[in-house]
Amino acid sequence: MKEEKTLTTPKTTTALVEKTLADNVQNRVNELVQQGRLNLPKDYSVGNSVSSAWLILQNTVDKNKVPVLKSCAQASIANALLNMAILGLNPAKQQGYFIAYGNQLTWFTSYFGMQAAVSRIKGYEDLPRATLIYDGDVIELGHDEFGEECIVKHDTCWENKLKGVIVGAYATIKFNKHIRTQVMTMKEIRESWTMSKTNPNHKEFTGEFAKRTVLNRLLKNILKTSTDDDLVAEKMIETENEHYDFDKSNVVNEAKQDVEENTGKVELPFEETEQDLDPQAENLFNQTEEEPAFMKE
Amino acid sequence: MEISCLASSSSANCYIIKNKQHTLMVEAGLDLSTTKSRLASLNIKLSDIDALLITHRHGDHCKSKTVERIALTSPVIANQDVINFLKSSINENIKTWQIRTEKPIEIGTFKIWAFELNHDVPAYGYIIKDLTTSDKLLFINDTEFVRWDFKDMIFHEIMIECNHNYELINKIEPYRARSIKSHMELGATIKTLKNLNLRATNNIYLMHLSDGYSDQELMMTEVQKATGKPTYVCLKNGGFI
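Residues numbered from 1 in each chain as written. Chains lettered and ligands numbered in written order. Predicted model: local features only at pLDDT ≥ 70, side-chain atom pairs only at ≥ 80, totals over all residues. Heavy atoms only, no water.

J.: Sorry if this is basic, but what is going on with the sheet that holds strand 3 (residues 23–26) of chain B here?
T.: Each strand in a sheet pairs with another by means of backbone hydrogen bonds, the pair being arranged parallel or else antiparallel. Residue and element names in this part refer to chain B. Overall, mixed pairing links the six strands, which are arranged 1-2-3-4-5-6 in an open sheet. Of all the strands in the sheet, just strand 1 (2–8) and strand 6 (96–98) have a single pairing partner and so form its edges. With direction set aside, neighbouring strand axes in the sheet form an average angle of 20 degrees. Examined bridge by bridge, strand 5 (residues 76–78) and strand 6 share three bridges and lie parallel to one another. Paired with Val76 across the bridge in strand 6 is Thr96. Lying on the sheet, helix 1 (residues 32–41) is in contact with strand 1, strand 2 (13–18) and strand 3; it crosses strand 1 at an angle near 145 degrees. Sheet strands touched by helix 3 (residues 80–89): strand 5 and strand 6. Its angle to strand 6, the strand with the most contacts, is close to 155 degrees. (Pairing = 2+ DSSP bridges. Helix = DSSP H or I, 4+ residues; strand = E, 2+ residues; numbered from the N terminus. Axes fitted to C-alpha atoms, helices over the stretch in contact; angles between N-to-C directions. Contact = heavy atoms within 4.5 Å.)

If you want it as structure tokens, here you go:
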């Protein structure tokens, strides 16, 4: 039931690739809609979003400054675009952006994107919101009728915002007629950032990222406990997990595999190497009977 | 060929390679005053340096102020990425000499070949030949692995990164976990060394040990055991053990 088809495209010129990718994404989306698994907003055009994405992708580079359209596998580009389309998002509205990890392109949903995507999940009423808590703000914490932590009162003032020291954030959403809340201290927010594959500090746009993080935590708690077969919810969790490492042993295994597969595999393409070769090398390998000279030392 | 270490760790790297006629500095990750004082302890003046060789643009290998000062009197040899970085962070006219992987360059009585490494920015490893003795040094710093097959090339001295060992990996904070993928673990260092023709090798120097995640005794013993060669560890504040 959860199986997603992997999209692949043949190698062709850029314009053709764009068209093939766009068609592929459109076809897959159509399939999902026909199966009743996906319900895109009426005003959302897959074609337009893929075109916007394509323009952005042409100027997106990986961490080695190589254009992602060159360095990333086409199947991963197609899947990143498909994830974007299933979530009903458009990068031109800054609802997300593309990040490359090695040769894998991924879709990263922004705070705005999260707000937009969530509003399509069954049971949600009203746009979810996240609010920053500044140093000096007066916060009254309480519990709602289900014992869930909630904000009873939040007093702030211009001076606190002006000083700009963020000490926490909370997100609220109305779900099946109930207000759900998630409160996080800045320490908790920073801790969750340490798992990020690309940007563990978020030194820029700290506030926006803090809002995104607290909203994401709230959504995850709700989505993970839902029993509905909701493709949007599934994709939100799946795309989010692509950007965070929750297990160090994965990295260790990846590194071990890299070393195993790559060490000493490519002949060094040097000019003038001959004079620098070991003059005794040939002898060394021919001495099958006798112990090689260096062993005697 | 005489090898000295002025600094070696994730916070700063700086090494001196000299023969009777010329002096090379490899990496300039120390601040200017520490560079000067550690050079002084080796009886070397900044003006004695004939060239500065840099592997990649990270701050522990390439400290702008230090590079700027050295570039006043001698050329900075590095790859395109480092040179672009220096030109934008110091000034357009800084004295540089771009080294390409296809072509060796000669500076005084040293001849230098470059090869690409696998780091998170473009990084080069070097083969440095002392033309007065024909001795060769293999210099490999920050990289995840060494993909090259050096065939029967012989190296008299080897300086190679040995950043961390998996025994200590649990101490790495989660946000730094991915960074281990840009540096050589003890196993990778040993695997690389065992692929080399070590017949003529005199010494092996382990560089760039991580501050919290490396066990220098273990590294030294393991490398020595695997290669049968005298092995030294380059120390954080200069010198070897």
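There is more to say, and it comes next.
J.: It is not clear to me how the packing of helix 5 (residues 111–118) of chain A against helix 9 (residues 231–241) of chain A should be interpreted in this structure. Could you clarify?
T.: All names here are of chain A. Helix 9 packs onto helix 5 with a crossing angle of 160 degrees between their chain directions and a minimal axis gap of 10 Å. Between helix 5 and helix 9, the crossing angle belongs to the class labelled roughly antiparallel. As for how helix 5 packs across helix 9, the hand of that crossing is left-handed. Residues Met114, Ala117 and Val118 of helix 5 form the contact with helix 9, whose own contacting residues are Val232, Met236 and Glu240. Residue classes in the contact of helix 5 with helix 9 are distributed as five nonpolar, no polar and one charged. (Parallel < 35°, antiparallel > 145°, perpendicular 65-115°, else oblique. Left-handed = near helix turned anticlockwise from the far one by under 90°. Nonpolar A, V, L, I, M, F, W, Y, C, P; charged D, E, K, R; others polar.)

J.: Is there a simple way to explain the pairing of strand 7 (residues 178–185) of chain A in this structure?
T.: The two faces of a sheet get side chains in turn, since along a regular strand they alternate between them. All names here are of chain A. Note: strand 6 (residues 166–175) against strand 7, eight bridges, orientation antiparallel. Bridge pairing in strand 7 links Thr172 to Thr181. Turn length for the strand 6-strand 7 hairpin, with the two strands adjacent in sequence and antiparallel, is two residues, and the turn residue Asn176 shows positive phi of about 45 degrees.

J.: Hey, could you run me through the nonpolar core in this one?
T.: Most often, soluble globular proteins keep nonpolar side chains buried together rather than apart. If you look at the biggest cluster of nonpolar residues, it comprises 64 residues, and the most contacted ones within it are Leu81(A), Phe98(A), Leu105(A), Tyr124(A), Leu219(A) and Met236(A). Split by domain, the residues of this core number at least three in each of domain 1 (10–111 + 259–286) and domain 2 (123–225) of chain A. If near-sequence neighbours (up to four positions away) are discounted, Tyr124(A) is found in contact with Val118(A), Ile173(A), Lys174(A), Phe175(A), Leu219(A), Ile222(A) and Leu223(A). Counting residues in each nonpolar core, the second largest holds 33 residues, with Phe115(B), Phe155(B), Leu196(B) and Ile204(B) among its members. (Core = buried A, V, L, I, M, F, W, Y, C linked by side-chain atoms within 4.5 Å. Buried < 20%, exposed > 50% of the residue type's maximum accessible area, 1.4 Å probe, protein only. Domains from an automatic or database assignment.)

J.: Explanation requested: the sheet that holds strand 6 of chain A in the structure shown.
T.: All names here are of chain A. Taken in spatial order, the three strands line up as 3-6-7 in an open sheet, and their pairing is antiparallel. Looking at strand neighbours, the two that pair on one side only are strand 3 (124–134) and strand 7, the edges of this open sheet. Recorded for the sheet is a direction-independent mean angle of 15 degrees between the axes of neighbouring strands. Sitting on the sheet, helix 5 is in contact with strand 3 and strand 6, with an inclination near 155 degrees to strand 3. Running at roughly 40 degrees to strand 6, helix 8 (residues 206–224) makes contact with strand 3, strand 6 and strand 7 of the sheet.

J.: Teacher, can you tell me more about the packing of aromatic side chains here?
T.: Two aromatic rings, taken as a pair, are described by how far apart their centres are and by the angle between their planes. The full count for this structure, using the stated rule, is 11 aromatic pairs over all chains. Note on Phe98(A) and Trp107(A): the rings are 5.1 Å apart at their centroids and 70 degrees apart in plane angle, and the pair reads as edge-to-face. For the pair Phe98(A) and Trp107(A), one class covers both residues: buried. By the ring-pair criterion, three or more aromatic residues cluster together here, those being Phe115(B), Phe150(B) and Phe155(B). (Phe/Tyr/Trp six-rings, centres within 6.5 Å; stacked < 30°, edge-to-face > 60°.)

J.: Whenever I open this one, the environment of Lys129(B) confuses me. Can you help?
T.: By the element assignment, Lys129(B) lies in strand 9 (residues 123–130). In the structure, Lys129(B) is positioned 23 residues away from Glu106(B) in sequence and 9.3 Å away in space, judged by C-alpha atoms.

J.: Explanation requested: the side chain of Asp130(B) in the structure shown.
T.: All names here are of chain B. Note on placement: Asp130 falls in strand 9. Among buried Asp, Glu, Lys and Arg side chains, Asp130 stands out as unpaired, with Lys20 the closest opposite charge at 8.4 Å. Within the local environment of Asp130, its side chain forms a polar contact with the side chain of Asn19, the two groups lying 2.9 Å apart. In this view, Asp130 contacts Met1, Asn19, Thr109, Phe110 and Asp135; residues no more than four positions away in its chain are not counted. (Lys, Arg positive; Asp, Glu negative; His and termini not counted. Salt bridge = Lys/Arg side-chain N within 4 Å of Asp/Glu carboxyl O. Polar contact = N/O pair within 3.5 Å; in protein donor to acceptor, adjacent residues only side chain to side chain.)

Shape is all these values report; function is a separate question.
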